Each structure stands twice: as C-alpha cells, then as structure tokens.
Amino acid sequence: MEELLKELSKRAEEEILKAKSLQEIESLRVKYLGKKGELTQILRGMGSLSPEERPVIGQLANDVREKIENMILERREKIAKEEKERKIKEEYIDITMPGKPYKYGHKHPITLVMDEIKRIFLGLGFSIAEGPEVELAYYNFEALNTPEDHPARDLQDTFYITSDILLRTQTSPVQVRTMEKTKPPIRVISPGRVYRSDDIDATHSPVFHQMEGLVVDEGITMGDLKGVLNVFAKKFFGESTRTKFRPHFFPFTEPSAEMDVSCFACGGKGCRVCGYTGWIEILGAGMVHPNVLRMSGIDPEKYTGFAFGLGIDRIAMLKYGIEDLRLLFENDMRFIEQF
Ligand code: PHE
C-alpha cells in the first residue's frame, strides 16, 4: 500500500504541474481526492492491514492528501495569476487615445418654432395650458358648437378610438377644458400635436402641430384679437410685417377669420414662398361663440373672448424654407442638424 500511495503521489504531482487551466486542475482534484477518487480507492484497502501498519499507512495517506491539496492550491494560484497577466496584456487600453466625439443634441425645427412663439406670447402675459391628445368627442366637437350632424365634422377626418373617444383633430378642445376650470380673465396658449386621417404627402401628415390661443374677459373685442395677433406677426416674422384678416367660418367662433401675413421672403411683392400672392395664411381665429362660452360655464352676457389656432408645421416650413412636410417627421439627423 505504501508503494501505491507513493506512486499516486508522484503521478499526481506530475500531472498537476502540467495542468494549464483551472478546469484541468479541478478535474485532477476530483480524480485524486474526490469521493470516488484514487486516494479513496486505495484507502478502502486499509481494512486488510495489521494493527501496527494501520497508523503508519494512515499517516502516509494523510501526508499524501495534504501534499496533493497544497500542490493544487499553488498551481491554481499560479494559473490564475498567469491568466490575469495575459488578460491585462491582451485587453490593454491606451487611455491616451483621443475619444470618439459625441454628437450634440439639437432642437427640432418644430420645437424651435414652438419655443419662439411661446416666448412671444408669454411676454404678452399668456400662460401655457395643456390638454390630452386622446380626447373626448365632446371636447373636440360638441362643446365647440359642432354637433354630430354638423357638416364641419366631415371636413376633419377623424381617428376615432371609440364612438366618443378620438385623437383630437385640433388644439381647440383645450379652450373648453381651460374655461371649465378657470374663471376669466383667461389668457392661455396651448401648443400640441393633433391628428387627422390624411394620407401623407408633401403638405399633409396624419399628425401635425397647432398652437391654440384663448383670451376671455369682460369687454374683449375683435380689436383685441387683431391687436394681439398683429404684435405676434411683427415679433415673429419681422417688424415690417403686415396682416390681413379674411372672413372665414369656424363653428366655435363668430365672427371668424383667417389671418394672412405679408410674405416675409419678398415683403409682399410676390415670390415662390408666397405662391406669387404676397400673402401667407398662418392661422384661423375669431370671437369665441356664445354657445361655447355658455357650455363651458362662462356667462356670455358678461364675458367675451377671442381664440386663434396656428399651424406650427406650416410656419416652420415657411420660416426654414422646407419644401416637404415629411422631412419634419422622418428625423433624419442630416436634416435636423441644419437648423
Ligand atoms: N381649430 C381650428 C382649425 O384647426 C383653428 C381655430 C382655432 C380657429 C381657434 C378659430 C379659433 O382649423
């Protein structure tokens, strides 16, 4: 048995020294020292030894076990160390190399225009109101004096979610939501996304942007509407800008108008930008219809108001000379970076 143990010790020693990976070491440990390992196998024969031999062989077996255990430990440490050094060498990073340049974020032209318009109206004492894009048909239509059978409802091809929930087709529902919860004087603007089931082309998109404006107080007149929108037009398009109000129809304003601004590109002489008319249409507006005031809980005998709705995308296209609306929604960085 002594022979067997010595032979085992020697063999184990050689193999351990040759082992190259932690896995190999582990299988050697199992092979020699494991529950079913070679050392255990040999020790099974202890029963047949004489009482004098037993402690001697027992001691030897323990020494052999200890020796193999120590060798395994040492070898393991060595391999781990080599592994680490190899990794350090292979995965060496030159921290003095120049870094990859980060691209700076950039505001989208729609955001730029919105920010600029907001800045002007905030300066005039307006505050910002918000409303949901998924809206009740009640706010988008009924409360805006546009009942179910009203012809204007056909004009705005609507994405319905259920029969009484829809994607708002305009920012005007925010007028009603604001009047319901605030007492006059009211002075708000409300920028946001609106939706209509239009096919996409150079001038149409199923999603676009509007900015609503609403003023309600005692004694508000069409003169206030014109005054405020004139100031806005001059601040946004330049001091020499002139405005023109043309009669129009909206169910929720009476009287209603559309406002044109003199072309900022040619000053009104006529050019490609204004389609050679000298004028550019930028918004719808009017005096808030008494029915709308009444339905929103405001006494039309006491208060009057005006409202307007600006098409943001159109203004952005005009301002930046963008010829295809789709460019605003594709978010191609090469496009957006230009503004
Ligand atoms: N909501 C109208 C539209 O989308 C614009 C508008 C707003 C007109 C407010 C009058 C008053 O066309």
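Residues numbered from 1 in each chain as written. Predicted model: local features only at pLDDT ≥ 70, side-chain atom pairs only at ≥ 80, totals over all residues. Heavy atoms only, no water.

Put simply, the rule is: UniProt positions are given in the numbering used here, feature names are shortened, and annotations may be inferred rather than shown by experiment.
An unreviewed UniProt entry annotates the protein chain as Phenylalanine--tRNA ligase alpha subunit originating from Caldanaerobacter subterraneus. In the Sequence similarities (unreviewed entry) part of its UniProt record, the protein chain is described as follows: "Belongs to the class-II aminoacyl-tRNA synthetase family. Phe-tRNA synthetase alpha subunit type 1 subfamily." You can read under Subcellular location (unreviewed entry) in the UniProt record for the protein chain the words "Cytoplasm".

### A word on the UniProt feature "binding site: Mg(2+)" (unreviewed entry) in the protein chain
Cut-off, in case you're wondering: Only runs of H or I of at least four residues qualify as helices and only runs of E of at least two qualify as strands under DSSP, and these elements are numbered from the N terminus. With a 1.4 Å probe rolled over the protein chains alone, any residue whose accessible area is under 20% of its type maximum counts as buried; one over 50% counts as exposed, and the rest are partly exposed.
Under the local residue numbering, the UniProt record ascribes the feature "binding site: Mg(2+)" (unreviewed entry) to Glu254. Examined against the element boundaries, Glu254 turns out to sit in strand β7 (residues 253-262). The exposure class assigned to Glu254 is partly exposed, which follows from its relative accessible area of 47%.

### Concerning a nonpolar patch on the surface
For clarity, the cut-off: A patch is a set of surface residues, each over 30% in relative accessible area and not in a salt bridge, joined within 9 Å for like charges and within 5 Å for the nonpolar side chains Val, Leu, Ile, Met, Phe, Trp and Tyr. The accessible surface values rely on the Shrake-Rupley method and a 1.4 Å probe; as for residues, cover is taken only from the protein chains in view. Every case where a carboxyl oxygen of Asp or Glu lies within 4 Å of a side-chain nitrogen of Lys or Arg is listed as a salt bridge.
A contiguous nonpolar surface patch, about 240 Å² in accessible area, is contributed by Leu136, Tyr138 and Met295. Along the chain, Leu136 turns up in strand β2 (residues 134-136).

### Section: the sheet that holds strand β6 (residues 243-250)
Note the following rule: Here, a strand pair is defined by DSSP locating no fewer than two bridges between the strands. We call two residues contacting when some pair of their heavy atoms lies within 4.5 Å. Here an axis means a line fitted to C-alpha atoms, over the contact stretch when the element is a helix, while the angle between two N-to-C directions is reported on a 0 to 180 degree scale.
Spatially, β1-β4-β5-β9-β8-β7-β6 is the arrangement adopted by the 7 strands of the open sheet, whose pairing is mixed. Of all strands in the sheet, those bounded by a partner on one side alone are β1 (127-128) and β6. For β6 and β7, the ladder comprises 7 bridges, and the chain directions are antiparallel. Directly across from Lys244, in β7, lies its bridge partner Asp260. Against the sheet, helix α9 (residues 222-237) touches β6, β7, β8 (279-288) and β9 (304-311), its axis set at about 150° to β8.

### Some remarks on the domain arrangement of the protein chain
The extent of an interface is frequently quoted as the accessible surface area lost upon association of the parts. Put simply, the rule is: Note that domain bounds follow an automatic or database assignment of domains.
The domains assigned to the protein chain are domain 1 (2-90) and domain 2 (109-336). Placing the centre of domain 1 and that of domain 2 at their C-alpha centroids yields a distance of 85 Å.

### Points about the site of the ligand
Heads up, the rule is: Each residue is tested against the molecule or strand, and it is near if at least one of its non-hydrogen atoms lies within 4 Å. A 3.5 Å cut-off defines polar contacts: any pair of N or O atoms within that distance qualifies, except that in protein one atom must be a possible hydrogen donor and the other a possible acceptor, and neighbouring residues in sequence count only when both atoms are side-chain atoms. Polar here means any residue other than Ala, Val, Leu, Ile, Met, Phe, Trp, Tyr, Cys and Pro, which are nonpolar, and Asp, Glu, Lys and Arg, which are charged; Gly is therefore polar.
Near the ligand, the surroundings consist of 14 residues, among which Gln170, Ser172, Arg196, Gln210 and Glu212 are the closest. Side-chain polar atom of Ser172 to a nitrogen atom of the ligand: 2.9 Å apart, as the coordinates give it. Relative to its unbound accessible area of 330 Å², the ligand is 91% covered by the protein chains. Element by element, the count of residues in the shell around the ligand is highest for β9, at 3 residues. Residues that form the shell around the ligand fall into these classes: 5 nonpolar, 7 polar and 2 charged.

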